[in-house]
Amino acid sequence: MLHGRQEELERLRGLVTGAQEGHSAALVVRAEPGTGKTALLDAAAVDAGIPVLRVAGAETEAELPYAALHLILRPLLRGLDALPQPQADALRGVLGMAATTGGQDRFLTGLATLTLLADQGPLLCLLDDAHWIDHASLDALLFAARRLEAEGVVLVFATRTMDRDLFTTAGLAELRLAGLDRAAALRLLAERAPGLPPAVRDRVVAESGGNPLALIELPGMNVDSLAAGPLPLPYRLQEAYQARVSALPSDTRTLLLALAAEGELAAALQATGLGIGALAPAERAGLVADAAFRHPLVRAAAYQSASFAERVAVHRALAGATTGERRARHLAAAATGPDEEAAAALEAAAGTAREVSGYGEAATALERAARLTPDTAERARRLTAAAALAADAGQGERARALLDQSARLGGASRELVRLRARIEFEHGSPETASRLLLDAGQDLLVEAARVAWTVGDADGLRAVRDRMDDGPASLMTGAVELLSGDPGTGLDLIRRHLDQAPERGDGLPLTPTSLALLSGDYATARDHLQAVAADMRSRGAIGWLPGVLAVLAETETLLGLARTAEATAAESLRIAEDTGQRRHAAVARGLLAHAAALRGEQPDPGLRGDWADRARAVLDLVTGRWAAALERLGHLAHRPYGACFAADQVEAAVRAGRPAARELARFESWALASGVAWALAVRHRCLALLAGDPEEQHAHYEQAVACPDLPLQQARSRLLYGEWLRRSRRKSEARIQLRSAMEVFEQVGAVPWADHCRAELRAAGENVVAPAPGALPELTPQELQIVRLAATGATNKEIGAQLFLSPKTVGHHLYRAFPKLGVSNRTELANLHLV
């Protein structure tokens, strides 16, 4: 019977009830050893009433990639064929069911896990001793846990109390088990140790701290010893178990030691040459049951009670009875000093782990190999390789520490700098990455240029240019001019260089897509990026997708497709957070803030980055804070897309009564060089704002509103034109411009600009009222994405595969979206204008 855990058990029952109703959840149960995590999971499994999958982490398998995942998914593997092909292939590869070429997206395994679990709901998955589950399995399971919504799947992880671990960063709900209260402790003692003398009973209850394992084990100890001195609390129970192990026959202790070191009985028997009968005394002593230790603390006691020499001897014997990673682990444990054989075996094991994307386990194996390596240079090489694998696993801090160790041993400086820069770029400061590469000298100038270009570091590009020969230097000059000088000259230089050597970017990631973005041809850039994103979705390249989606959302923002950009940025953020890509997550948050600012919403003060600053600038623009907008835009003038936003600087300067000649010159230079119609039209808008002659103003405004390529930019020109016409007492003409502008602003959700249009229309003599709320603003970004795909005729399974969601979650979002849109089926979606 489970004592004193009714509240905790009710919480788990509530999750199971939710699963039966189609809801999903994930929960982390934390407690000290012996506090009853396993007993709570036992009770939840008995009560479940739905299928239960269960696995317990094992310390001996903590470095075997996907060991736990294989165990928990094994009953479901018959459903692999129903998965999208990339997901099925990924899961078969990491579980050893098919050959793998290595290098696949490690997050695809998590998506396959989610899909496989979702297909079986309602389902309760219990993962005990999760602190010993291998890193690769945990990555996959936590990826699935974070994306659970409407599959009817509950994941419960039971783990020890720790200051920080993977569960902390996953952000899952937690349940912490404390010790039993006195009443529950007394009931447990009455059940397990009836007739215990009152003095001993009270002392056991008081000093056990309510730890159930202590309450069960202490009464079985010598009563005199209990009364004579301090009682062992949970962290001292192992000492009590060690005493019991020490009292066993020699052969039994040896077999227990081998079983503790290996985890598999067959290998333990082979290594020791003993028979199964040697376990009998341990079974009679209550230390093992069914050839397994009764509690992890018993296993630890069996291992720690042996002498160092005994442990070394057993590991050597086990190395001869095992292969692969297990053999490498035992060779390492048997080593009493530097040992190249063990180090080489660990490096080979790391290679095997890497082939199935078990990068964290591979890094651990190589780090251990380095510690055992006799040769200093070889040790540094292995530490550097371990750092690279840690970076691949998303473990930035660990990778930095390994690089520091390698550097102290004289590791290859070029590779160390490259890795440090990569870690800074992905997990720290891209500007720092640029400086690291630049300071490394001529060898890494190409990498320095790439990083500086990606983050818009004009100073870094200038420094690279000054060290390059004439050919690449012309391209760098173009990049520098584009960012911080004359953008038209910069764009011409870049085009000329690429025309002369189209296959050479000389370190800059210049593609047709990036050239389209530089030139303001955002529609072409969007087409290219959508094609890249579609290809990544089809291949399940989840790890690469957040960056592509972030650039796509930037492009859609520049196109003025605010709602579409918001949906794309929301997906980028969701995947970036799931995959630990902080830089892309920060960009996505900034883009979401920009979309919200168009609606008149204040960005979070804690947000940092170019797009977060642009969000604050656009809020200043839509609310008429011209001086503040001008100041913010000035700080962003020499960042990526700075030339494009120079038109906003012109408007803010004119409305604030400030000079705008410099800002106009920058935008005009870029617009004329780009040659795209919308930029030339916006140039006319700027010229109209600065023109002194009414006829000249009228002519420029007419040119400004003539181009429909970017409807939001056209609407902004119409608003300014309408204001000018009204002030010129041409009210009927003003109403035409203002009405058209208002329709676009309402469509994209630019509430302050739409309100301003209404105010201008009233001033122009038109009676207008605020529109009734439409359906689209009520949709969440994810619902909007799903609805758009459903409108094309895609099935839930196809939509799920594209958006990395389970089909049940897709169905859940459609169920919520249909009433908001006033439709009852997918066919009716095709008739809606889903912009």
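Refer to the structure above for everything that follows.
Because the structure is predicted, anything quoted here is derived from the model rather than measured.

Engineer: Would you explain the overall build of the chain in this entry?
Structural biologist: Across its full length, the chain carries 46 helices and seven strands. Its C-alpha atoms give the chain principal-axis dimensions of about 105 × 65 × 50 Å. Partitioning the contacts of the chain with sequence separation of at least 6, the portion at a separation of at least 24 is 64%. Surface summary for the chain: the accessible area is close to 34100 Å², and the carbon and sulfur share equals 52%.

Engineer: Whenever I open this one, unusual backbone geometry confuses me. Can you help?
Structural biologist: Generally, phi is negative for residues other than glycine and the peptide bonds are trans, each holding for most cases. In this model, Gly 121 is joined to Pro 122 through a cis peptide bond whose omega is 5 degrees. Residue Arg 729 is not a glycine yet carries a positive backbone phi of 65 degrees. Along the polypeptide, Arg 729 turns up in the loop between helix H40 (711-727) and helix H41 (731-748).

Engineer: Would you mind showing me how to read the sheet that holds strand S5 (residues 173-176) here?
Structural biologist: Sheets are built from strands paired through backbone hydrogen bonds, the pairs being either parallel or antiparallel. With parallel pairing, five strands are arranged side by side in an open sheet as S2-S3-S4-S1-S5. One side of each edge strand has no neighbouring strand; the edge strands of this open sheet are strand S2 (52-56) and S5. The sheet shows a mean angle of 15 degrees between the axes of neighbouring strands, taken without regard to direction. Direction of pairing for strand S1 (residues 25-31) relative to strand S4 (residues 153-160): parallel, over a ladder of seven bridges. The residue bridging Leu 27 from the neighbouring strand is Val 156, located in S4. Strands S2, strand S3 (123-128) and S4 of the sheet are contacted by helix H5 (residues 106-118), whose axis makes an angle of about 125 degrees with S4.

Engineer: Would you mind showing me how to read the nonpolar core here?
Structural biologist: One recurring pattern in soluble globular proteins is that nonpolar side chains are buried together. Tyr 522, Trp 670, Trp 678 and Phe 745 are the most contacted members of the largest nonpolar core, which totals 107 residues. Of all the elements, helix H38 (residues 677-690) adds the most residues to this core, at eight residues. Ignoring anything within four residues of it in the chain, the contact list for Tyr 522 reads Ala 516, Leu 517, Thr 555, Leu 558, Leu 559, Cys 644, Trp 670, Trp 678 and Leu 710. With 57 residues, the next largest nonpolar core counts Ala 90, Leu 148, Phe 167 and Ala 533 among its residues.

Engineer: It is not clear to me how the environment of Arg 762 should be interpreted in this structure. Could you clarify?
Structural biologist: By the secondary structure assignment, Arg 762 is in helix H42 (residues 751-763). Classification of Arg 762 by relative accessible area gives partly exposed; the value is 43%. Discounting chain neighbours no more than four positions away, the residues touching Arg 762 are Val 768 and Val 769.

Engineer: I tried to follow the packing of helix H32 (residues 562-578) against helix H33 (residues 582-598) on my own but got confused; where do I start?
Structural biologist: Between two packed helices, the angle of one axis relative to the other and the distance separating the axes together describe the packing. Two elements in contact, H32 and H33, have axes separated by 8 Å at closest approach and are oriented at 150 degrees. Regarding the angle of H32 to H33, the classification is roughly antiparallel. Along this stretch, H32 crosses H33, giving a crossing that reads as left-handed. Here Ala 562, Glu 566, Ala 569, Ala 570, Ser 572, Leu 573, Ala 576 and Glu 577 of H32 come into contact with H33, specifically with His 584, Ala 585, Ala 588, Arg 589, Leu 591, Leu 592, Ala 595 and Leu 598. Tallied by class, residues from the contact of H32 with H33 come to eleven nonpolar, two polar and three charged.

Engineer: When you look at the pairing of S1 in this model, what are you seeing that I'm missing?
Structural biologist: Side chains on a regular strand alternate between the two faces of the sheet. Taking burial as the measure, the seven residues of S1 include seven buried ones, the bulk of the element. Taking every second residue as pointing to the same face, both faces of S1 are buried, with Ala 25, Leu 27, Val 29 and Ala 31 on one and Ala 26, Val 28 and Arg 30 on the other. Summarising the sheet, S1 and S5 pair through four bridges and their orientation is parallel. Its bridge partner lying in S5, Arg 30 is registered against Arg 176.

Engineer: Explain the side chain of Gln 713 to me, please; I cannot follow it from the model alone.
Structural biologist: Looking at the element boundaries, Gln 713 is found in helix H40. Apart from residues no more than four positions distant in its own chain, Gln 713 is found in contact with Trp 678, Val 682 and Arg 685.

Engineer: Would you take a moment to explain helix H36 (residues 646-655) for this structure?
Structural biologist: Residue pairs spaced three or four apart in an α-helix point in one direction, given the helix's 3.6 residues per turn. Summarising burial for H36: eight of the ten residues are buried, a large majority. Of all the residues in H36, the buried ones are Ala 646, Ala 647, Asp 648, Gln 649, Val 650, Glu 651, Ala 652 and Ala 653. If you follow the buried residues of H36, they end up packed against helix H34 (610-622), helix H35 (626-635), helix H37 (661-674), H38 and H40. Downstream of H36 by one or two residues, Gly 657 has phi in the positive range, about 75 degrees.

Engineer: How do you make sense of the pairing of S3 when you look at a structure like this?
Structural biologist: Burial runs high along S3: six of the six residues are buried. Pairing analysis gives five bridges linking S2 to S3, with the strands arranged parallel. Across the sheet, the residue bridging to Leu 53 is Cys 125, located in S3. In the sheet, S3 pairs with S4 via five bridges, with the strands oriented parallel. What sits directly across from Leu 126, in S4, is Val 156. After leaving S3, the chain enters helix H6 (residues 135-147) and then returns to the sheet as S4, a path that is right-handed.

Engineer: Where do I start with the packing of aromatic side chains in this structure?
Structural biologist: Each aromatic ring pair is specified by the distance between its two centres and by the angle formed by the two planes. Applying the stated rule across the entire model yields eleven aromatic pairs. Connected via pairs of aromatic rings, a cluster forms that spans Tyr 522, Phe 667, Trp 670 and Trp 678.

Engineer: Just checking my understanding: could you explain empty space enclosed by the protein for this structure?
Structural biologist: Take a probe with the size of a water molecule and roll it over the atoms, and the empty space left behind shows itself. If you walk through the whole model with that rule in mind, you get four cavities of 30 Å³ or more. Of the volumes computed, that of the largest cavity is approximately 290 Å³. Going through the elements one at a time, helix H31 (545-559), H33, H34, H36, H38 and H40 are the ones with two or more residues in the lining of the largest cavity. Considered class by class, the residues forming the lining of the largest cavity number 16 nonpolar, four polar and three charged.

Engineer: Help me understand the side chain of Glu 783, please; the structure alone is not making it clear to me.
Structural biologist: Topologically, Glu 783 is positioned in helix H43 (residues 781-791). In this structure Glu 783 comes out as buried when scored by relative accessible area, which is 0%. Here Lys 820 takes part through its side chain, which lies 3.0 Å from a polar atom of the side chain of Glu 783. Discounting residues that sit within four places of it in the chain, Glu 783 has contacts with Glu 778, His 813, Arg 816 and Lys 820.

Engineer: Help me out: how do you make sense of the state of the cysteines in this one?
Structural biologist: Between two cysteines, a covalent bond joining their sulfur atoms is known as a disulfide. A full pass over the atoms with the stated rule returns zero disulfides. Looking at the unpaired Cys 644, the closest cysteine sulfur is the one in Cys 686, lying at 11 Å. Accessibility expressed as a relative area gives 10% for Cys 644, which makes it buried. In this model Cys 707 remains outside any disulfide bridge; the closest cysteine sulfur is found in Cys 644, 13 Å from its own. Residue classification places Cys 707 among the buried residues on the basis of a relative accessible area of 12%.

Engineer: Please clarify how the pattern of salt bridges should be interpreted in this entry.
Structural biologist: A side chain of one charge can pair with a side chain of the opposite charge if their charged atoms are brought near each other. Scanning the entire structure with this criterion turns up 59 salt bridges. For the salt bridge of Glu 663 with Arg 662, the shortest nitrogen-to-oxygen distance reads 3.7 Å. The class for Glu 663 is buried, based on a relative accessible area of 11%. Its relative accessible area of 68% is what places Arg 662 among the exposed residues.

What counts and what doesn't
- Residues numbered from 1 in each chain as written.
- Predicted model: local features only at pLDDT ≥ 70, side-chain atom pairs only at ≥ 80, totals over all residues.
- Heavy atoms only, no water.
- Helix = DSSP H or I, 4+ residues; strand = E, 2+ residues; numbered from the N terminus.
- Contact = heavy atoms within 4.5 Å.
- Areas by Shrake-Rupley, 256 points an atom, 1.4 Å probe, with all protein chains shown as cover.
- Pairing = 2+ DSSP bridges.
- Axes fitted to C-alpha atoms, helices over the stretch in contact; angles between N-to-C directions.
- Core = buried A, V, L, I, M, F, W, Y, C linked by side-chain atoms within 4.5 Å.
- Buried < 20%, exposed > 50% of the residue type's maximum accessible area, 1.4 Å probe, protein only.
- Parallel < 35°, antiparallel > 145°, perpendicular 65-115°, else oblique.
- Left-handed = near helix turned anticlockwise from the far one by under 90°.
- Nonpolar A, V, L, I, M, F, W, Y, C, P; charged D, E, K, R; others polar.
- Right-handed = clockwise from strand over helix to strand, strands pointing away.
- Phe/Tyr/Trp six-rings, centres within 6.5 Å; stacked < 30°, edge-to-face > 60°.
- 1 Å grid on protein atoms, 1.4 Å probe; cavity = no way out; pocket = protein on both sides within 12 Å on 5 of 7 lines; lining within 4 Å.
- Points joined across faces, edges and corners; volume = space filled by probe spheres on them.
- Polar contact = N/O pair within 3.5 Å; in protein donor to acceptor, adjacent residues only side chain to side chain.
- Disulfide = S-S within 2.5 Å.
- Salt bridge = Lys/Arg side-chain N within 4 Å of Asp/Glu carboxyl O.

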